[in-house]
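# Topology and contacts: notes
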Protein chains: 2
Amino acid sequence: MNELEILEKVLPRLPQNADTVVGPGDDCAVIRIGDEWQLLAVDQVVSNVHYVPGQTTPQAIAAKLLKRNLSDIAAMGGTPHCALLTLAGNIDDGQWYLDFFAGLTDTAKQYQVAVSGGDIASLPAGCPPATMVATLTITGKVLPDRLCLRRNAQPGQVIMGTGRFGNSFASQHHLNFTPRLAEAQFLAGRFTVCMLDVSDGLLLDLGRIAQASEVGMELDVNAIPLRAGATIPAALGDGEDYELLFTVDSDQVEILRWEWPFDLPVTVLGRVTAAHPGLVFDGNGGNLFASNYSGFQHLNKQ
Amino acid sequence: MNELEILEKVLPRLPQNADTVVGPGDDCAVIRIGDEWQLLAVDQVVSNVHYVPGQTTPQAIAAKLLKRNLSDIAAMGGTPHCALLTLAGNIDDGQWYLDFFAGLTDTAKQYQVAVSGGDIASLPAGCPPATMVATLTITGKVLPDRLCLRRNAQPGQVIMGTGRFGNSFASQHHLNFTPRLAEAQFLAGRFTVCMLDVSDGLLLDLGRIAQASEVGMELDVNAIPLRAGATIPAALGDGEDYELLFTVDSDQVEILRWEWPFDLPVTVLGRVTAAHPGLVFDGNGGNLFASNYSGFQHLNKQ
């Protein structure tokens, strides 16, 4: 049983309470609490799974961990609020921890996130040197009319994306990316209520919108803006782009482009269709999940 | 540099925001959000550090992880709301995960906690078999006038505790305990605004109140209710009692005892003094931190 199979069995049975607006399965859960709703998400970074010890500074690991979570808050149309951290490792170099917290603090200040709690534990003896499991839970806020969910795509809308895709690892984009909070705030509620951040690859994440919304997706693979050094297959499958993928009513696209205040590219990538629910097709009617693109997997796929 | 030394350096520098009522350092952080305030805490359970693989069922590990966090919410005077989970391990037995989630789900339902998110990751190759790092972040709510903080003890108050202390590990209390949510709700705001849950040992945790409140503590060591099989040193040092330790105005003690609706014992353990701030003395004027009790450490001390 792999992670996805376990989650398929477990997710529908997880208990919720009367305040749950959206349970697990989107970028964040949404909890009714006051006039703004609360967003909750958690993510982890593991040595030799998500980074190579010695090749990535503790500051960069901490910044990546927080920014991954900020990207999830952005994708829901929200603003970040508080973070809680855990570290479990066998590193006994105190300076490593101080550097890690320095990176966390710098990034948290940059995005006005409070670091509200944490825990540091040991690992059992026998793990390889420099093993580290770092987790970060984030809370955020979202106005109910700005909430963006994967399930909200409508046939007839166009698919748009921010930035460029592919080659995230070799280019170091997976460490140096900027979470698209400002762009998401511009879009959420006004231009879109269906958005996610591309962490596991454009094709897989587009498929997630298709499945959650029970719509088809027609992707113009030649329209995808490529990051330097990226090919179309890399753009479809590499992952860790941390760009926004969202759907917009077709008559809003030109207004969006006109008002778009950011230097970052914003691109029409395709169309939402009623046909082929749950699937992603290319412009020539080819099922991308069944094509030779379908084999691409997130490099860090667990 | 050990965990405490790292935290001493790092905690005061962690960024907060305008909504922070109480930052890291108590059982939970307190965040202003709506009319009820939010409580946030995170804790972790690591194989061979917090439990022995093969001797503890996955259900019991999950229940302990959630109950530890529920105990923190109780200690603040709050009620639990939502939980987020991470697992990083090298267990490839799918049934282990299903059992873990069954234990989590049962306990979450019992306390009306929504399980709002999670993440499952791998560990790097080379860790010992059955290595697992499980973390759980909890959110809770507290009415501002019920909030209980370590810093709120006042000289002249008496120190009280729920339940019994010591021998938590051999007795399996560290797995089978009940978080004292109902008792804490009875006490918070009405009888006390200074409370914590005893996780690291009665003496160490009493010292934490003494330090945070800048008061002294006079502990009647012979008054401590002992768990079956426990000695006084074990009651002072073993930890993982998950009982409430709180301070009460002396003229409220008899009213509290009269109205106490629970079968659980509630006991006067000593007095809060203006003298010797930050220290814990026994009834004969002996500094317990400097005595032969001072060597006792949480068995799982990291």
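Predicted, not measured: the structure shown is a model, and the values here were computed from it.

Turning our attention to the relation of the copies chain A and chain B. Related by rotation about an axis and a shift along that axis, the two copies of the chain form a pair. For the pair chain A and chain B, the superposition axis carries a translation of 0.0 Å, the fit reaches an RMSD of 0.0 Å, and the rotation angle comes to 180 degrees. Both copies of the chain, as the preceding transformation shows, are related through a two-fold rotation axis. Using C-alpha coordinates, one finds that chain A approaches the rotation axis most closely at Cys127(A), a distance of 2.0 Å. Most of the interface of chain A is mirrored in chain B, where 100% of its interface residues are also at the interface.

All names here are of chain B. Strand order across the open sheet formed by six strands is S1-S2-S3-S6-S4-S5, with mixed pairing between neighbours. Each edge of the open sheet is held by one strand with a lone partner, namely strand S1 (20-22) and strand S5 (114-122). The sheet shows a mean angle of 20 degrees between the axes of neighbouring strands, taken without regard to direction.

Moving on: the environment of Trp96(A). Take Trp96(A): it is sitting in helix H3 (residues 94-110). The exposure class of Trp96(A) is buried, given the 20 C-beta atoms found within 10 Å.

With that settled, consider the interface of chain A and chain B. Many authors give the size of an interface as the accessible area that is lost as the parts come together. With 58 residues of chain A at the contact, the number on the chain B side is 58 residues. Counting residues per element, the ones that place at least two in the side of chain A that touches chain B are helix H1 (3-10), strand S2 (29-31), strand S3 (37-46), strand S4 (79-89), H3, strand S5 (114-122) and strand S6 (132-142) of chain A. If one sorts the elements of the side of chain A that touches chain B by residue count, S5(A) sits on top with nine residues. In terms of residue class, the side of chain A that touches chain B is built from 30 nonpolar, 21 polar and seven charged.

All names here are of chain A. Where burial is concerned, most of strand S10 (residues 244-248) is hidden: five out of the five residues are buried. By the alternation rule, side chains of S10 split into Leu244, Phe246 and Val248 and Leu245 and Thr247, which are all buried. Taken together, the three bridges between strand S8 (residues 195-197) and S10 define a ladder with antiparallel strand orientation. In the sheet register, Met195 faces S10, and the bridge partner there is Phe246.

Further remarks concern the domain arrangement of chain A. Looking at chain A, the domain boundaries give domain 1 (3-146) and domain 2 (150-290). Grouping the constituent residues of the side of domain 1 of chain A that touches domain 2 of chain A by class yields five nonpolar, three polar and seven charged.

All names here are of chain B. Spatially, six strands are ordered S8-S10-S7-S11-S9-S12 in an open sheet, and the strand pairing comes out mixed. Only two strands of the sheet have a single partner each, and these edge strands are strand S8 (195-197) and strand S12 (280-282). Taking the axes of each pair of neighbouring strands and ignoring which way they run, one obtains an average angle of 30 degrees across the sheet. In this sheet, S12 lies alongside strand S9 (residues 216-219) in parallel orientation, the contact comprising three bridges. Bridge pairing links Glu218 to Phe281 in S12. Contacts from helix H2 (residues 58-75) reach S8 and strand S10 (244-248) within the one sheet, and its direction differs from that of S8 by about 170 degrees.

Conventions we followed
Residues numbered from 1 in each chain as written. Chains lettered and ligands numbered in written order. Predicted model: local features only at pLDDT ≥ 70, side-chain atom pairs only at ≥ 80, totals over all residues. Least-squares fit on C-alpha atoms with pLDDT ≥ 70 in both. Contact = placed C-beta atoms within 7 Å. Pairing = 2+ DSSP bridges. Helix = DSSP H or I, 4+ residues; strand = E, 2+ residues; numbered from the N terminus. Axes fitted to C-alpha atoms, helices over the stretch in contact; angles between N-to-C directions. Buried ≥ 20, exposed ≤ 12 C-beta atoms within 10 Å, placed from the backbone. Nonpolar A, V, L, I, M, F, W, Y, C, P; charged D, E, K, R; others polar. Domains from an automatic or database assignment.

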